[in-house]
Amino acid sequence: MTKTITIAQGNGGAENNELIQKIFYKHFANDILSKSEDAAVIEDGRLAFTTDSFTVSPLFFSGGDIGKLAVCGTCNDLAMMGAKPKYITCSVIIEEGFSTRDLEKIVKSMKNELEINGAIVVSGDTKVVPRGSVDKLFINTTGIGEIEHHNISASALKEGMSILVSRDVGTHGATIFAAREGIELESSLNTDCASLYPQVRALMDANIKIIALRDATRGGVSAVLNEWAQSSDVCIEIKEENIPVQEEVKGICEMLGFEAIDLANEGTFVLAVDKKDELRALDVLQKTHRTSAIIGTVTTLHNGKVLLNSSWGTQRFLDVPTGELLPRIC
């Protein structure tokens, strides 16, 4: 590991995992933390608890802003453990000179997203720092949710289970890049940033047995699949042609040499279910996004690995992303 912190260590990929394992897990190790889920399951499985910090640049982008991102990010982590978001804290670090008008716009975005989740802000903190000490505005949100679907776990995958994505992938990462570089697209590309609890609730209402859930944020779908393969000691085989990607996202990826499956998302999740439930689960997901898809299956061909099958009949391992694709993405 490097002697000083690099941007790549915040990417949600291999470098980020190494930093967390060798420094934070080394000193904070306990049975709850070691599960490495999106949210900690506490109080004998009754509650989910999570926290996240947001430093996205720019603060406003097509389809969202840092406020919407902060509430979605934390509430989504709770939803990924089958929990109903209930209580949120909001802490902000504001640079001297920041526009109060922009701050109110951001807070209104947070309020709108809280209403979608049925959650409320119950505590918070505000700090103002001298100009140049922070880039405009950083937000930290912590959330507590009541678990409604138990035993969701990245360690519970078994051979024969199906893997789905809730919608097309990579739009958040592509949208942020376009906003930074001033790229004008013929077709408007928006972030996928959205609250996921309503979709998770719909799966539960349809009596779908959810095995594993994970929102594909930093590191994208690639990072999620690799974490699951390693946690469950299975092989996850993916059909490349089944992965839904918007044409605009494909264009940006071709221009930059990225893969959409590595790009960050803020309103897209990966779902594992029993084979018998895959079509019913797909039907539920497609009521929200027609691009939802079954992308693969769990095998034991190369345990701990993700195998990507191309439409040309070739295969390759899909590794955890390395390096920093896009810093300050969330």
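The coordinates are above.
Scope of this entry: the structure provided in the associated data block.

## Things to note about the overall build of the protein chain
Regarding its fold elements, the protein chain presents eight helices and 14 strands. The C-alpha atoms of the protein chain give a radius of gyration of 19 Å, which matches the 20 Å a tight globule of 330 residues would have. A burial count over the protein chain gives 51% of its 330 residues as buried. Taking all contacts inside the protein chain whose residues are at least 6 apart in sequence as the whole, residues at least 24 apart take part in 84%. Surface summary for the protein chain: the accessible area is close to 15,500 Å², and the carbon and sulfur share equals 51%. Separation between the mean location of the 32 positive side-chain charges and that of the 45 negative ones in the protein chain comes to 3 Å.

## A word on the packing of helix H4 (residues 171-181) against helix H7 (residues 247-256)
Axis separation between H4 and H7 bottoms out at 10 Å; the angle between their running directions is 65°. The pairing of H4 with H7 is recorded here as roughly perpendicular in orientation. For the pair H4 and H7, the crossing hand works out as left-handed. Only Val-249, Ile-252, Met-255 and Leu-256 of H7 make contact with H4, whose side of the interface consists of Thr-171, Ala-174, Phe-177 and Ala-178.

## Considering the side chain of Thr-171
Counting through the fold element by element, Thr-171 comes out in helix H4. We classify Thr-171 as buried; its relative accessible area is 0%. In this structure the side chain of Thr-171 is engaged in a polar contact, spanning 3.3 Å, whose partner is the backbone nitrogen of Asp-192. Thr-171 has contacts with Leu-189, Asn-190, Thr-191, Asp-192, Gln-246, Val-249 and Asn-265, leaving out every residue within four places of it along the chain.

## Side note on the sheet that holds strand E12 (residues 293-299)
Spatially, E9-E11-E8-E12-E10-E13-E14 is the arrangement adopted by the seven strands of the open sheet, whose pairing is mixed. With partners counted over all chains shown, the strands left at the sheet margins are strand E9 (210-215) and strand E14 (315-317), one partner each. Strand-to-strand twist of the sheet, defined as the mean angle between neighbouring strand axes without regard to direction, takes the value 25°. Summarising the sheet, strand E10 (residues 235-239) and E12 pair through four bridges and their orientation is antiparallel. Looking at E12, one finds that Cys-235 is bridged to Thr-299.

## Concerning a nonpolar patch on the surface
A surface patch of nonpolar side chains, amounting to about 450 Å² of accessible area, comprises Met-1, Ile-23, Phe-24, Phe-28 and Leu-33. Inspection of the secondary structure assignment puts Met-1 in the segment before helix H1 (14-28). Overall, the relative accessible area of 42% leaves Met-1 in the partly exposed class.

## Comments concerning the packing of aromatic side chains
Tallied over the full model, the rule gives one aromatic pair. Its guanidinium or amino end placed over the ring of Phe-60, Lys-105 lies 4.7 Å from that ring's centre, counting from NZ or CZ. Lys-305 extends its terminal NZ or CZ atom over the ring of Phe-317, reaching a point 5.6 Å from the ring centre.

## Let's talk about the packing of helix H2 (residues 66-79) against helix H3 (residues 100-117)
Axis angle and axis distance: for two packed helices, these are the angle between their axes and the distance between the axes, and together they describe the pair. Viewed as axis vectors pointing N to C, H2 and H3 meet at an angle of 30°, and their least axial separation amounts to 7 Å. Classed by the angle they form, the pair H2 and H3 counts as roughly parallel. Pair H2 / H3 crosses with right-handed handedness. Facing H2, whose interface residues are Ile-66, Gly-67, Lys-68, Ala-70, Val-71, Cys-72 and Cys-75, H3 presents Ile-106, Ser-109, Met-110, Glu-113, Leu-114 and Asn-117.

## Description of the sheet that holds strand E5 (residues 83-95)
Here five strands make up an open sheet; going across it, the order is E1-E2-E7-E5-E6 and the pairing mixed. Looking at the sheet topology across the chains shown, the edges are occupied by strand E1 (40-42) and strand E6 (120-129). Each neighbouring strand pair of the sheet contributes to a mean axis angle of 20°, computed without reference to strand direction. Across nine bridges, E5 lies against E6 in parallel orientation. Paired with Tyr-87 across the strands is Ile-120, a residue of E6. Strand contacts of H2: strand E2 (47-54), E5 and strand E7 (137-147), with the helix running at about 150° to E2, the strand carrying the most contacts.

## Quick notes on the nonpolar core
If you look at the biggest cluster of nonpolar residues, it comprises 65 residues, and the most contacted ones within it are Leu-157, Ile-163 and Trp-228. Ranked by residue count, the leading element in this core is H2, at six residues.

## Thoughts on the pairing of strand E11 (residues 269-273)
Most of E11 sits inside the fold, with five of its five residues counted as buried. In E11, alternate side chains face the same way, and those of Phe-269, Leu-271 and Val-273 on one face and Val-270 and Ala-272 on the other are all buried. In this structure, strand E8 (residues 162-165) lies alongside E11, joined through four bridges in antiparallel fashion. For Ile-163, the partnering residue across the bridge sits in E11 and is Ala-272. Sheet analysis places E9 next to E11, joined by five bridges and oriented antiparallel. Counted as the bridge partner of Asp-215 is Phe-269 from E11.

Criteria and cut-off values
- Residues numbered from 1 in each chain as written.
- Predicted model: local features only at pLDDT ≥ 70, side-chain atom pairs only at ≥ 80, totals over all residues.
- Heavy atoms only, no water.
- Helix = DSSP H or I, 4+ residues; strand = E, 2+ residues; numbered from the N terminus.
- Rg over C-alpha atoms; globule rule 2.2 N^0.38 Å.
- Buried < 20%, exposed > 50% of the residue type's maximum accessible area, 1.4 Å probe, protein only.
- Contact = heavy atoms within 4.5 Å.
- Areas by Shrake-Rupley, 256 points an atom, 1.4 Å probe, with all protein chains shown as cover.
- Lys, Arg positive; Asp, Glu negative; His and termini not counted.
- Charge placed at Lys NZ, Arg CZ, Asp CG, Glu CD.
- Axes fitted to C-alpha atoms, helices over the stretch in contact; angles between N-to-C directions.
- Parallel < 35°, antiparallel > 145°, perpendicular 65-115°, else oblique.
- Left-handed = near helix turned anticlockwise from the far one by under 90°.
- Polar contact = N/O pair within 3.5 Å; in protein donor to acceptor, adjacent residues only side chain to side chain.
- Pairing = 2+ DSSP bridges.
- Patch = residues over 30% accessible without salt bridge, like charges linked within 9 Å, V, L, I, M, F, W, Y side chains within 5 Å.
- Salt bridge = Lys/Arg side-chain N within 4 Å of Asp/Glu carboxyl O.
- Phe/Tyr/Trp six-rings, centres within 6.5 Å; stacked < 30°, edge-to-face > 60°.
- Lys NZ or Arg CZ within 6 Å of the ring centre and 35° of its normal.
- Core = buried A, V, L, I, M, F, W, Y, C linked by side-chain atoms within 4.5 Å.

Geometry only, nothing functional implied.
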